[in-house]
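Residue strings, one per chain:
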Amino acid sequence: MSSPWLIVGLGNPGPEYAKNRHNVGFMVVERWAERHVTPGTGGVAWKSQFKGRVTSIHAGGQIGRCVVLEPQTYMNRSGESVRAAVDFHDVPLERIVVVHDEIDFAFGRVGLKRGGGHGGHNGLRDIIKHLGKPSFFRVRVGVSRPRHGEVSDWVLSNFSGEDATFVDDLVDRAEQALTCLLAEGLTSAMNRFHPAPDSPLNSSAPAADASSGGKSGKPTL
């Protein structure tokens, strides 16, 4: 039997973070699980395992079995949870997809890639540390940068203004990109989803000079 896909959504646990920009990875994988769970099974069955929230989905077509994981360790310790799931299910790097917020993308933009650095994202940083290599797939969900102030405060706040109106559309777009990546491969997904989306997915917060490093001592970036 081949290894399952491991789909990892990044975020922070707890209701106080649930609607934060930093939790858009959770939002996307939850949407994906809801849309691919077998009809008539009573919905998505989440359980606690691997220091995370996890479910197993048998998706149709070419995708096959997927383990969906939301680390519950807080963002900057996400690698502990991912490493535990990888070891248990014997998942190779080429069958790992991490879905995360991306401040260097305008709101509404979705990008896909394999490998690369962490770009200052401490969730990715910790996953790379625990896996030893960066060559897993990423679905990058644009949340933009703040006009003023700390990036840490921005990503740990809820979507606001016009962006709040179109969060559902953004999550849909990212979920579709994830599905395309799993079913058709990276090249096909990039060709379909890298072009800028049609309006109204436009950011209400253009890029500014805020640092991507965040405040020292915050465990959630």
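If you look the protein up in an unreviewed UniProt entry, it shows as Peptidyl-tRNA hydrolase from Enhygromyxa salina. Recorded in UniProt for the protein, the comment headed Catalytic activity (unreviewed entry) runs: "an N-acyl-L-alpha-aminoacyl-tRNA + H2O = an N-acyl-L-amino acid + a tRNA + H(+)".

Re the overall build of the protein
Along its length, the protein carries seven helices and seven strands. Ordered by position in the sequence, the α and β elements of the protein form the string β-α-β-β-β-α-β-β-α-β-α-α-α-α. Counting every position in the protein, which comprises 221 residues, the buried fraction comes to 51%. As presented, the protein carries roughly 9800 Å² of accessible surface, and 49% of it is formed by carbon and sulfur atoms.

Quick word on the environment of Met190
Tracing the sequence through the fold places Met190 in helix 7 (residues 186-193). According to the relative accessible area criterion, Met190 is partly exposed, its value standing at 30%. Not counting residues within four places of it along the chain, the set of residues in contact with Met190 comprises Leu112 and Pro195.

Structural notes on the UniProt feature "binding site: tRNA" (unreviewed entry) in the protein
Sites flagged by UniProt as "binding site: tRNA" (unreviewed entry) map to Tyr17, Tyr74, Asn76 and Asn122. As for the annotated residues, the ones lining the largest pocket are Asn122. Structurally, Tyr74 is set in the loop between strand 4 (64-71) and helix 2 (78-89). On the basis of relative accessible area, Tyr74 is assigned to the partly exposed category, the value being 33%. Relative to the helices and strands, Asn122 resides in helix 3 (residues 122-131). A polar side-chain atom of Asn122 sits 2.7 Å from a polar atom in the side chain of Arg125.

Conventions adopted
- Residues numbered from 1 in each chain as written.
- Predicted model: local features only at pLDDT ≥ 70, side-chain atom pairs only at ≥ 80, totals over all residues.
- Heavy atoms only, no water.
- UniProt positions renumbered as here; feature names shortened; annotations may be inferred.
- Helix = DSSP H or I, 4+ residues; strand = E, 2+ residues; numbered from the N terminus.
- Buried < 20%, exposed > 50% of the residue type's maximum accessible area, 1.4 Å probe, protein only.
- Areas by Shrake-Rupley, 256 points an atom, 1.4 Å probe, with all protein chains shown as cover.
- Contact = heavy atoms within 4.5 Å.
- 1 Å grid on protein atoms, 1.4 Å probe; cavity = no way out; pocket = protein on both sides within 12 Å on 5 of 7 lines; lining within 4 Å.
- Polar contact = N/O pair within 3.5 Å; in protein donor to acceptor, adjacent residues only side chain to side chain.

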